[in-house]
Amino acid sequence: MILINDRYRRVLSISLPSAFHNLMNMVQSMIDMLFVGRISAVSLASVGVSMQYTALLYAFMSLVYVGTNVLVSRFYGSKEMDKAGQTVYVMILFSFIISLPLMVFCLFYSPVLFEILGTGEDVVREGTVYISTYSYALPAMFIQGVLFSGLNALGKTKIPLYISISGNILNVFLDWAMIFGHFGFPAMGIKGAALATVIVIYYQLAIYFICYFFSKDIKIIPSFDMSILKRGIKVAVPAWLERIVAHPSYLVLSALVAKFGVDALAGYQVGLRIEGLAFMPGVGFIFASMALVGQGLGAGNPDEAEKDAYAATISASVIMGVLGLLMTAFPYAIAGIFTNNQATLENAAWYLRIMGVSQVPLAVCFVISGSLRGAGDTNMTFAINAVSLWGLRILPAWLLTYYVTNSVWVYLVAMIESVVRAAILLVRFRTGKWKSIKV
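All values reported here derive from a predicted model rather than from experimental measurement.

A. Representation of the overall build of the protein chain within the structure. What the protein chain contains, in helices and strands, is 15 helices and 0 strands. Computed over its C-alpha atoms, the radius of gyration of the protein chain comes to 22 Å, within 12% of the 22 Å expected for a compact globule of 439 residues. By principal-axis analysis of the C-alpha atoms, the protein chain measures approximately 55 × 55 × 40 Å. Relative to its full complement of 439 residues, the protein chain shows a buried share of 54%. Across the protein chain, the fraction of contacts at a sequence separation of at least 24, relative to all contacts at a separation of at least 6, is 82%. On the protein chain, roughly 18,800 Å² of surface is accessible, and the fraction owed to carbon and sulfur atoms is 70%.

As structure tokens, then:
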């Protein structure tokens, strides 16, 4: 049976901690919003917009975590652990350098980020306080991304999970103390929320370094090698471009749904938040597939890498398929947790019904893309995902908005695009060309 098969057990042991780690990150954001919401509506809106921009920063972080994961997993598979440790060191330096201009921009030019969205003066003012304070965490956040990816590449996904759990506990205390002025801290409001996040990120970075110092599997080797950096950038740039291109597509889709009215947009946002929870297992299996494929290729066992990729795909499809079935079967009960507005509820229910069907093809998209990235085939994943999102999802949805009067058609387009993209990625994977890619 699948559940007692050693291969599937190994896949699940790597994937599930990664999924819960991602969930912890989401929980931390929700806790911040919960505390800030008790200050004022302006503060809540300011942090909400700020978090959309901080999410965009993760697209830039793909420059470091993809390159780190691909190279470290390869070196781990080939038993070249000195090179793996050297890779971590090189990518730490690189991540620190690229974080600096982003920090400077957020520190001195953050008002622009809110003004271009046409937010009110109060939101601009408070959002600027939040982003400028948060900017001090960017170097630590980028370096943490390298250390996180290095451990994931080894399959050591429980360590980041434990670090994230402890960070969440600290974040709850610091939010309570620094936002409202408890335990000897002054009441700093929205600045306190940002400062609490900054402290947590540096705390987590310190724990990562301690883990590497005592690790028996990998040590950071302080030796710079330009060839390693070039190899890391070579595979990371397409993945970075993919994230940069994909992120605006979701904003555009929100704008298209907004054409059908505020209830449609509100229902879509509720549906997205619920679907985001269903994505958690898929994200975990992305990390597992990247690590296992890279390790298999590094060990000179491409056939084993392929079997691991299929095991991760099947596992993710089963779990996300069950969640999708629940979304389709009980849309009103699930959406009702987030809203009691009947019109919003109706729109959210339609989104959950339709996108519930797409959870299995989305699982395939997630894991096969991750497998190809782990093999270094990032140029092709960039091309397939970018062309599919914009050419098969956004363009048809945009055209339909001129002829239909219901956002359901936009959701149907998104569901069909997911199926087509999954099929294309599977075809690419089955060609086996990724097995011979040099990184």
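Next comes the rest of the account.
B. Quick look at a nonpolar patch on the surface. Together, Val104, Phe105, Phe108, Tyr109, Val112 and Ile116 make up a nonpolar patch on the protein surface, roughly 590 Å² of accessible area in all. Here valine 104 is to be found in helix H3 (residues 81-115).

C. Seen up close, the packing of aromatic side chains. For the coordinates displayed, the defined rule picks out 15 aromatic pairs. Their ring planes at 15° and their centres at 4.7 Å tell us that phenylalanine 429 and tryptophan 434 sit as a pair that is stacked. Given the relative accessible area of 0%, phenylalanine 429 is considered buried. You can call tryptophan 434 buried: its relative accessible area is 0%. Taken together, the aromatic side chains of Phe173, Trp176 and Phe183 make up a single cluster linked through ring pairs. Positioned above the aromatic ring of phenylalanine 213, the side-chain terminus of lysine 219 is 5.9 Å from the ring centre. Lysine 259 extends its terminal NZ or CZ atom over the ring of tyrosine 402, reaching a point 4.7 Å from the ring centre.

D. Just the side chain of serine 317, in detail. In this fold, serine 317 is placed in helix H10 (residues 302-329). Apart from the residues lying within four places of it in its own chain, the contact partners of serine 317 are Val360, Ala363 and Val364.

E. Looking closely at the nonpolar core. Membership of the largest hydrophobic core comes to 80 residues, with the highest contact counts inside it found for Val88, Tyr130, Leu138, Met141, Leu147 and Trp434. When residues in this core are grouped by element, the largest group, 14 residues, is from helix H2 (residues 41-77). Filtering out sequence-adjacent residues up to four positions away, leucine 138 remains in contact with Leu57, Ser99, Leu102, Met103 and Cys106. Counting 24 residues, the second-largest nonpolar core is a separate cluster that includes Tyr268, Val270, Ile274 and Val413.

F. Layout of H3. A rise of 1.5 Å per residue sets the reference length of H3, with its 35 residues, at 51 Å; its end C-alpha atoms lie 48 Å apart and thus fit the reference within 8%. Taken as a whole, H3 carries its principal kink of about 75° at tyrosine 109; the proline proline 111 stands between one and four residues after it.

G. Geometry of the environment of phenylalanine 108. Along the chain, phenylalanine 108 falls in helix H3. According to the relative accessible area criterion, phenylalanine 108 is exposed, its value standing at 56%.

H. Region of interest: the side chain of serine 249. Tracing the backbone through its elements, the reader meets serine 249 in helix H8 (residues 226-258). Here serine 249 is in contact with Leu389, Trp390 and Ile394, once residues within four sequence places are set aside.

I. Just the packing of helix H4 (residues 121-134) against helix H7 (residues 190-214), in detail. Orientation of H4 relative to H7, taken along the N-to-C sense of each, is 15°, at an axis distance of 8 Å. Between H4 and H7, the angle is such that the two are roughly parallel. Here H4 runs over H7; the crossing is right-handed. Across the interface between the two elements, Glu126, Val129, Tyr130, Thr133 and Tyr134 from H4 touch Ile190, Lys191, Ala193, Ala194, Leu195, Thr197, Val198 and Ile201 from H7. Along the lines of polarity and charge, the residues of the contact of H4 with H7 split into 9 nonpolar, 2 polar and 2 charged.

J. Inspection of the layout of surface pockets at higher detail. Of the pockets and cavities examined, the second largest pocket occupies roughly 200 Å³. Considering the residues around the second largest pocket, the lining is formed by 10 residues, among which Gln52, Tyr53, Leu56, His247 and Leu251 are closest to the centre. Elements with a minimum of two residues in the lining of the second largest pocket: H2 and H8. Tallied by class, the residues present in the lining of the second largest pocket amount to 8 nonpolar, 2 polar and no charged.

K. Spatial organisation of the pattern of salt bridges. Following the criterion strictly, the structure yields 13 salt bridges and no others. Notably, a salt bridge pairs arginine 373 with glutamate 242, separated by 2.6 Å at the nearest N-O pair. Taken together, the residues arginine 373 in helix H13 (residues 359-374) and glutamate 242 in helix H8 connect sequence positions 131 residues apart. Taking relative accessible area as the criterion, glutamate 242 reaches 9% and is therefore assigned buried. Here lysine 435 makes a salt bridge to aspartate 303, at a shortest N to O gap of 3.3 Å. Here the residue lysine 435 occupies a position in the segment after helix H15 (408-431), and aspartate 303 occupies one in helix H10, the gap between them amounting to 132 residues.

L. Molecular detail of the packing of helix H9 (residues 262-298) against H10. Their axes nearest at 8 Å, the elements H9 and H10 cross at an angle of 175°. With respect to H10, the element H9 is oriented roughly antiparallel. Packed against H9, whose contacting residues are Glu275, Ala278, Phe279, Pro281, Gly282, Phe285, Ser289, Leu292, Val293, Gly296 and Leu297, the element H10 presents Pro302, Ala305, Asp308, Ala309, Ala312, Ser315, Ala316, Ile319, Met320, Leu323 and Met327 at the interface. A breakdown of the residues in the contact of H9 with H10 according to their chemical character gives 16 nonpolar, 4 polar and 2 charged.

M. Expanded view of H9. Taking 1.5 Å of rise per residue, 37 residues should cover 54 Å, and H9 covers 51 Å from first to last C-alpha, within 8% of that figure. The axis of H9 is deflected most strongly, by about 35°, at alanine 278, and proline proline 281 appears within four residues downstream. Here H9 lies mainly inside the structure; 28 of its 37 residues are buried. One or two residues past the end of H9 sits glycine 300, with phi positive at roughly 75°.

Criteria and thresholds
- Every chain is numbered on its own, with residues counted from 1 as its sequence reads.
- Only residues with pLDDT of 70 or above have their local features reported here, since the model is predicted, and side-chain atom pairs are shown and tallied only from 80 upward, although totals for entire chains, interfaces and linings are computed over all residues.
- No hydrogens and no water enter the side-chain calculation; it runs on all heavy atoms of the structure.
- A run of H or I in DSSP becomes a helix once it reaches four residues, and a run of E becomes a strand once it reaches two; helices and strands are each numbered from the N terminus.
- As defined in this context, the radius of gyration uses C-alpha atoms, and a globule is described by 2.2 Å times the residue total to the power 0.38.
- Here the term buried applies to any residue with accessible area under 20% of the maximum for its type, exposed to any over 50%, and partly exposed to those in between, with areas from a 1.4 Å probe on protein chains only.
- The contact rule is simple, with two residues in contact once any of their heavy atoms fall within 4.5 Å.
- Residue burial considers only the protein chains on display, and all accessible areas are found by Shrake-Rupley using a 1.4 Å probe.
- Excluding any residue in a salt bridge, patches collect residues exceeding 30% relative accessible area, merging like charges within 9 Å and nonpolar Val, Leu, Ile, Met, Phe, Trp and Tyr side chains within 5 Å.
- Salt bridge criterion: a side-chain nitrogen from Lys or Arg within 4 Å of a carboxyl oxygen from Asp or Glu.
- Two aromatic rings from Phe, Tyr or Trp, using only the six-membered ring of Trp, form a pair when their centres are within 6.5 Å; if the ring planes differ by under 30 degrees the pair is stacked, by over 60 it is edge-to-face, and anything between is tilted.
- When the NZ atom of lysine or the CZ atom of arginine is within 6 Å of a ring's centre and also within 35 degrees of its normal, the charge is said to sit over that ring.
- We call a set of buried Ala, Val, Leu, Ile, Met, Phe, Trp, Tyr and Cys residues a nonpolar core when their side-chain atoms join them within 4.5 Å.
- Between the first and last residue of a helix there are one fewer steps than residues, each counted as 1.5 Å, and that sum is the expected span.
- The bend reported for a residue corresponds to the angle between axes fitted to the seven residues ending at that residue and the seven starting there.
- To get an axis, a line is fitted to the C-alpha atoms, and for a helix only the part in contact is used. The angle between two axes follows their N-to-C directions and goes from 0 to 180 degrees.
- Angle categories: roughly parallel below 35 degrees, roughly antiparallel above 145, roughly perpendicular from 65 to 115, and oblique for all the rest.
- By convention, the crossing between two helices is left-handed when the near helix turns anticlockwise from the far helix through less than a right angle, and right-handed when the turn is clockwise.
- Under the scheme applied here, ten amino acids are nonpolar (Ala, Val, Leu, Ile, Met, Phe, Trp, Tyr, Cys and Pro), four are charged (Asp, Glu, Lys and Arg), and all others, including Gly, are polar.
- Here a cavity denotes a set of grid points, spaced 1 Å apart and computed over the protein atoms alone, in which a 1.4 Å probe fits but from which it cannot get out, and a pocket denotes an open set meeting protein on both sides within 12 Å along at least five of seven lines; residues with an atom within 4 Å of a point are reported as lining.
- Grid points are joined across faces, edges and corners, and a volume is the space filled by probe spheres set on the points.

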